[in-house]
Amino acid sequence: MKKILITRHAEASSSSNLGTDFSRPLTELGLRDCQLIGKELENKNFRPDLSIISSSIRTIQTYENLSKFLNLESNKLDIKDSLYNIGFDDFISMLKIINSEFKSVMVVGHNPTMSIFAKKYSDSKINQFSPGSSALFSCDISSWGLIDENLKFEYFIKPEDFR
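For every chain, the first residue of the written sequence is number 1, and numbering continues from 1 along that sequence. Thresholds applied to this predicted model are a pLDDT of at least 70 for local features of residues and 80 or more for the giving and counting of side-chain atom pairs; totals over whole chains, interfaces and linings are not thresholded and use all residues. Only hydrogens and water are removed before side-chain values are computed, so all heavy atoms of the structure are retained for them.

Quick notes on the nonpolar core
And step 1. One finds Ile-4, Ile-6, Phe-91, Leu-95, Val-107, Phe-117 and Phe-137 to be the most contacted residues of the largest nonpolar core, which totals 28 residues.
And step 2. Helix numbers and strand numbers start at the N terminus; a helix is a DSSP run of H or I with at least 4 residues, a strand a run of E with at least 2. Sorting the residues of this core by element identifies strand S1 (2–8), strand S2 (50–54), helix H3 (88–96), strand S4 (104–109), helix H4 (113–121) and strand S5 (134–139) as the ones contributing at least two each.
And step 3. Should any heavy atoms of two residues lie within 4.5 Å, those residues are considered in contact. Apart from the residues lying within four places of it in its own chain, the contact partners of Phe-137 are Lys-2, Lys-3, Ile-4, Ile-6, Phe-117, Ala-118, Tyr-121, Ser-122, Leu-151, Lys-152, Phe-153 and Glu-154.
And step 4. Judged by nonpolar contacts, the second largest core, of 14 residues, contains Ile-37, Leu-72, Met-106 and Leu-136. Put simply, buried Ala, Val, Leu, Ile, Met, Phe, Trp, Tyr and Cys residues joined by side-chain atoms within 4.5 Å make one nonpolar core. Burial here depends on accessible area, computed with a 1.4 Å probe over protein chains only, as a share of the maximum for the residue type. Under 20% is buried, over 50% is exposed, and the range in between is partly exposed.

What follows is the structure, given as structure tokens:
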């Protein structure tokens, strides 16, 4: 059984002193939302073996704040520049080459790809994938190479439900 948690970075500032989209930090609301989602993931006993995150400031901050609740000391972390603007097909290809030793994976990325994935594999049960939202999917497979076959939607959590 493989599990994958898709997480969109929490709310980020609209501008940055550095002037690039890549360097936008989380807002105060985004930081609080990470606590809400982190606590809920902790309550659901989600513990990834591997975390794959975009190298943008806001995704790194989202991961760091979620990790406070998820006991990720033994978690392998993979920070990928390519996740920043990745398209859906390339995202699926990236997932398919994850080492089979990892049973549970968390991805912290960006829209539109996170929303497209969540909507497609939840059979449109997820329509709005707001900042800070997370969706868990599972699949009875031995290899990540088969991830797009029979993914089962487990749950969806969004910060608005806990404010």
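Considering the environment of Ser-55
And step 1. Here Ser-55 lies in the loop between S2 and helix H2 (57–70).
And step 2. Take Ser-55: its relative accessible area is 10%, and that puts it in the buried class.
And step 3. Separated by 16 residues in the primary sequence, Ser-55 and Asn-71 place their C-alpha atoms 21 Å from one another.
And step 4. When sequence neighbours within four positions are dropped, the list of residues in contact with Ser-55 reads Phe-22, Ile-60, Ile-79, Lys-80 and Asp-81.
And step 5. At a separation of 2.5 Å, a polar atom in the side chain of Ser-55 contacts the side chain of Asp-81. Here a polar contact means two N or O atoms within 3.5 Å. Within protein one must be a hydrogen donor candidate and the other an acceptor candidate, and residues neighboring in sequence count only if both atoms are side-chain atoms.

Topic: the pattern of salt bridges
And step 1. For this analysis, a salt bridge means a side-chain nitrogen from Lys or Arg found within 4 Å of a carboxyl oxygen belonging to Asp or Glu. A complete count under the given rule lists 8 salt bridges for this structure.
And step 2. Of the charged contacts, one joins Arg-24 and Asp-21 as a salt bridge, the two residues approaching to 2.9 Å between their closest N and O atoms.
And step 3. You can call Arg-24 buried: its relative accessible area is 16%.
And step 4. By relative accessible area, which is 36% here, Asp-21 ends up partly exposed.

Focus: the side chain of Arg-8
And step 1. Inspection of the secondary structure puts Arg-8 in strand S1.
And step 2. Just so you know, the count uses Lys and Arg for positive and Asp and Glu for negative, and it drops His and the chain ends. With no salt bridge to any partner, buried Arg-8 finds its closest opposite charge in Glu-160, at an N-O distance of 8.4 Å.
And step 3. Engagement of the side chain of Arg-8 in a polar contact is seen with the backbone oxygen of Phe-129, the distance being 2.9 Å.
And step 4. Not counting chain neighbours up to four residues away, the residues in contact with Arg-8 comprise Gly-109, Asn-111, Met-114, Phe-129, Ser-130, Pro-131, Gly-132 and Ser-133.

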